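Architecture and fold: a report
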Amino acid sequence: MDSTAVPPMPLDDADDDFLWLEDIHGGTALDWVRARNAETEAMLFDDGYRAVEGALLEVLDAEDRIPSVTKHGSHYYNFWRDAEHPRGLWRRTDWEGYASADTAWEVLLDVDELAAREGTDWVFSGARILRPADGEPHRRALVRLSPDGGDAVEVREFDLEALDWVEDGFRLPAAKTNVSWDGADALYVASDFGEGTLTRSSYARTVRRVRRGTDPADSPEVFSVDETHVLAMVAHDDTPGHERTVAVDVIDFYNTRTSVLDGDAWRAVEVPTDVRVHLHRGWVLFSPQTPWDVGGRTLAPGSLSVADLDAFLAGDRAVTDVFVPDESASLESYDFTRDHLLLNVLRDVSSVVLVADPARGWATRELDVGAPLHSFGIAAVDDEDPATANEYWLTTTGFLTPTTLARGAVAAEGEQPSPPAVVKRAGAHFAAEDHVVEQFFARSDDGTRVPYFQVSVRGLPLDGANPVLMNGYGGFQTSLTPSYSGVVGRAWLERRTAAGRHGVYVLANIRGGGEYGPRWHRAALRENRHRAYEDFAAIARDLVARGVTVPGRLAATGRSNGGLLMGNMMTGYPELFGAISCGVPLLDMRRYTRLSAGHSWIAEYGDPDVPGDWEFVRTFSPYHRLDDDLPPGVDYPPSLIWTATSDDRVGPVQARKMAAKMRERGAAEVWYHESLDGGHAGASDNRQSAAMLATSYEFLWRRVSG
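Let me begin by describing the structure that accompanies this report. All values derive from a computational prediction rather than experimental measurement. (Residues numbered from 1 in each chain as written. Predicted model: local features only at pLDDT ≥ 70, side-chain atom pairs only at ≥ 80, totals over all residues. Heavy atoms only, no water.)

1. Some thoughts on the sheet that holds strand 4 (residues 106-110)
- Ordered by their spatial adjacency, 4 strands build an open sheet running 1-2-3-4, and the pairing between neighbours is antiparallel. Two strands lie at the open edges of the sheet, namely strand 1 (70-72) and strand 4, each paired on one side alone. With strand direction ignored, the average angle separating the axes of adjacent strands in the sheet is 30°.
- Examined bridge by bridge, strand 3 (residues 89-93) and strand 4 share 4 bridges and lie antiparallel to one another. Across the sheet, residue Trp90 finds its bridge partner in strand 4, namely Leu109.
- Strands in contact with helix 4 (residues 111-118) are strand 2 (75-80) and strand 4; relative to strand 4, the strand with the most contacts, it is inclined by about 30°. (Pairing = 2+ DSSP bridges. Helix = DSSP H or I, 4+ residues; strand = E, 2+ residues; numbered from the N terminus. Axes fitted to C-alpha atoms, helices over the stretch in contact; angles between N-to-C directions. Contact = heavy atoms within 4.5 Å.)

In structure tokens form, the structure reads like this:
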């Protein structure tokens, strides 16, 4: 149905008794928040909670974490938080320093010192470094700073030689801003320039080219999109020999239009809007989300193909397959070295790495890098530096395997490859030697096999007496893959009940995610959203049927879209769970498009302002499902709903309203907690993260471990 052709359906605010909680910073609403926080803290924040919080903070602040780096010139840049620097240090080193056991770092920016000096609790949100002229050092960067941990950031120009802000340099006020260098003296800025410059999703609708020393408000607009779209972006690609400016109209999460600046006009890459486009040097890569007829054949959803960019823009539709998915394999990510394309592929949610060779017609071979039931991340070190042109970073992680970072080089065809050399190893933070990782498949209501990972002690007794924690997401084509977490280990796996039972951790790979590519995602879009919830419920039932646990010992957790999943478990499957933690959630699906960035997710969920859409959206709106009668003898499971005041992506109001309505409906046990900052992550530093995580894990453990 064309939503633009249907008049908006008026919201019936008269039926919503809790609209007053949508006043995010209103005194009455914040009084309610403080009262609920006090209740939750009085119930939970005792010596046992503080011990867990301290144990998790040790993990988050551990010095044996791997400092991830990006290479620019001869330097390796990293952002780091620890106990001494809770807001963090932006720093750099050289290769010898990074490879050594005791790295000597040059501190570029001390965010704690900056916050203290300026009286603002700055949160570092990344930096974009300007490419220098050949033979010159990197001198300038654009630093992004959030005043509260939200998505809105201030952008400032930083001098990498003087290690200070550039006097009279570029400085943009806090907003949801995207920015790109266009040479040393100009920027492409997508931001809030005043009335009419934002989309309904609260992101930039227009992009301006801002020259040094000029007022952004007076700068010329170079690109714009319709206000119903999500956002506009323009970026300058400064790759030597392939310089170009690219604009992207993000229509929704799964539809975009990409254009290349040709003189003074934008020249579109003519493909269906649901074909993802990536430009790299002289190539254009395509990944369709639905079947795409091109060049006399049909490309499969989730495939990856490549063409010569100039030829494609001129009308030639010859494309070459690089990756074609099958029933068990999907493409998770990819990156280029100078002479090869590295593909990270999931096979039944375990990683394998393929190397594609453009010189051999993009033929692929598998890189031998590790064991099954693990996750790999592979990325080029620096494809433009002759010394590192074909080198790659390889990260390896598993539920019981602390992360390692290795560095290797892609061997030319016919050469004997050398295994990547380990550069860094993260420390172990829980006793895992008696545990085992297994993968199982549950049958969902429509017969679909749904995978899940189970982490437990060896020889787990199958008598239903084990406390189990399920984690799920199921949306936005995001994959949940095996990874090491000292937090999960300490907060759940190594803990024991009074009877001596260890916690069991389950990761659910439900539809809506990306574990099997676009088909897995699209199977739970819009009117089919219920399939994600049926999948999660099927795994819960399978755990009970296999004797792993019983409903009273089964906890579940999820945040953001996973919070919506938890809301639907509370209201649609309350009999399956003994406790639920619902974080930074979407819950009021009647008003979600009018709250924070909600309008940008219509492609995922549907538009509640369209009557036909509301009919199915209503079926997975937990706030409205509270009006439905529960089966006789069934109550809502004990639930913790948590969020952050400064979350400007989902916002705190849906969580507030859900908790208030559940309390009004007489739910036996519903608790609420709201951090006053931290953004959509729920925390701005490690101490806040430890507190947030301990609140969730400790609540769940106490409800299902007794």
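2. Description of the packing of helix 6 (residues 486-493) against helix 14 (residues 686-704)
- Direction vectors running N to C along helix 6 and helix 14 enclose 30°, while the axes themselves pass 10 Å from each other. The pairing of helix 6 with helix 14 is recorded here as roughly parallel in orientation. As helix 6 runs across helix 14, the sense of the crossing is right-handed. Taken together, the residues of helix 14 that come into contact with helix 6 (itself represented by Val487, Val488, Ala491 and Trp492) are Leu693, Tyr697, Leu700, Trp701 and Val704. (Parallel < 35°, antiparallel > 145°, perpendicular 65-115°, else oblique. Left-handed = near helix turned anticlockwise from the far one by under 90°.)

3. Structural notes on the pattern of salt bridges
- This structure, assessed with the given rule, holds 53 salt bridges.
- Linking Arg131 and Glu384 is a salt bridge whose minimum nitrogen-to-oxygen distance equals 2.6 Å. Here Glu384 lies in the loop between strand 28 (375-380) and strand 29 (391-398) and Arg131 lies in the loop between strand 5 (123-129) and strand 6 (140-146), a separation of 253 residues in the sequence.
- For Asp339, the salt bridge goes to Arg338, with nearest N and O atoms at 3.1 Å.
- Each of the salt bridges in this network shares a partner with another, and the network as a whole consists of Asp16, Glu22, Asp588, Arg591 and Lys657. (Salt bridge = Lys/Arg side-chain N within 4 Å of Asp/Glu carboxyl O.)

4. Side note on the environment of Phe453
- Turning to its location among the elements, Phe453 is positioned in strand 33 (residues 449-457).
- Here Phe453 falls in the buried class, since its relative accessible area comes to 0%.
- C-alpha of Phe453 to C-alpha of Asn509: the two residues are 56 residues apart in sequence and 8.2 Å apart in space. (Buried < 20%, exposed > 50% of the residue type's maximum accessible area, 1.4 Å probe, protein only.)

5. Details of the pairing of strand 7 (residues 153-159)
- With 7 of its 7 residues buried, strand 7 lies for the most part within the structure.
- Across 6 bridges, strand 6 lies against strand 7 in antiparallel orientation. The residue bridging Arg140 from the neighbouring strand is Asp159, located in strand 7.
- What sits between the antiparallel neighbours strand 6 and strand 7 is a turn of 6 residues, in which Gly149 has the positive phi angle 90°.
- Pairing between strand 7 and strand 9 (residues 171-175): 3 bridges, direction antiparallel. Bridge pairing in strand 9 links Val155 to Leu172.

6. A look at the packing of helix 1 (residues 27-44) against helix 13 (residues 653-664)
- Packing of helix 1 against helix 13 brings their axes to within 12 Å, and their N-to-C directions diverge by 70°. On the basis of the axis angle, helix 1 is roughly perpendicular to helix 13. Read as a crossing pair, helix 1 and helix 13 show a hand that is left-handed. In contact with Ala29, Leu30, Trp32, Val33, Arg36 and Glu39 of helix 1, helix 13 contributes Arg656, Ala659, Ala660 and Arg663.
- Its residues assigned to classes, the contact of helix 1 with helix 13 comprises 6 nonpolar, no polar and 4 charged. (Nonpolar A, V, L, I, M, F, W, Y, C, P; charged D, E, K, R; others polar.)

7. What to know about helix 1
- The terminal C-alpha atoms of helix 1, which comprises 18 residues, lie 25 Å apart, in line with the 26 Å expected from a rise of 1.5 Å per residue.
- For helix 1, the set of buried residues is Ala29, Leu30, Trp32, Val33, Arg36, Asn37, Thr40 and Leu44. Seen from one end, helix 1 has its buried residues packed into an arc of 150°, which puts them on one side. Structural note: helix 1 exposes Thr28 and Ala42 on the side pointing more than 90 degrees away from its buried face.
- Turning to helix 1, the residues buried within the fold contact helix 2 (47-61), strand 38 (639-644), helix 13, strand 39 (670-675) and helix 14. (Expected span 1.5 Å × (residues − 1). Arc of directions from axis to C-beta.)

8. Thoughts on the side chain of Arg87
- Note that Arg87 resides in the loop between strand 2 and strand 3.
- Look at Arg87: it is buried, it has no salt bridge, and the nearest opposite charge is Asp121 at 4.0 Å.
- Engagement of the side chain of Arg87 in a polar contact is seen with the backbone oxygen of Asp121, the distance being 3.5 Å.
- If we skip the residues at most four places from it in the chain, Arg87 touches Phe79, Arg81, Val111, Asp112, Ala115, Asp121, Trp122, Val123, Ser684 and Asp685. (Lys, Arg positive; Asp, Glu negative; His and termini not counted. Polar contact = N/O pair within 3.5 Å; in protein donor to acceptor, adjacent residues only side chain to side chain.)

9. Observations regarding helix 14
- Look at helix 14: 27 Å from first C-alpha to last across 19 residues, which is about the 27 Å you get at 1.5 Å a residue.
- The element helix 14 is extensively covered by neighbouring structure, given that 14 of its 19 residues are classed as buried.
- Put simply, Asp685 is the residue that caps the front of helix 14, since its side-chain oxygen is 3.2 Å from the backbone nitrogen of Arg687.

10. Examining the nonpolar core
- With 132 residues, the main nonpolar core has Phe286, Met470, Phe536, Ile539, Phe577 and Ile641 as its most contacted residues.
- Contacts of Phe286, omitting those with residues within four sequence positions, involve Val269, Val271, Val275, Arg276, Val277, Trp292, Ser303, Leu304, Ser305, Ala307, Phe312 and Val319. (Core = buried A, V, L, I, M, F, W, Y, C linked by side-chain atoms within 4.5 Å.)

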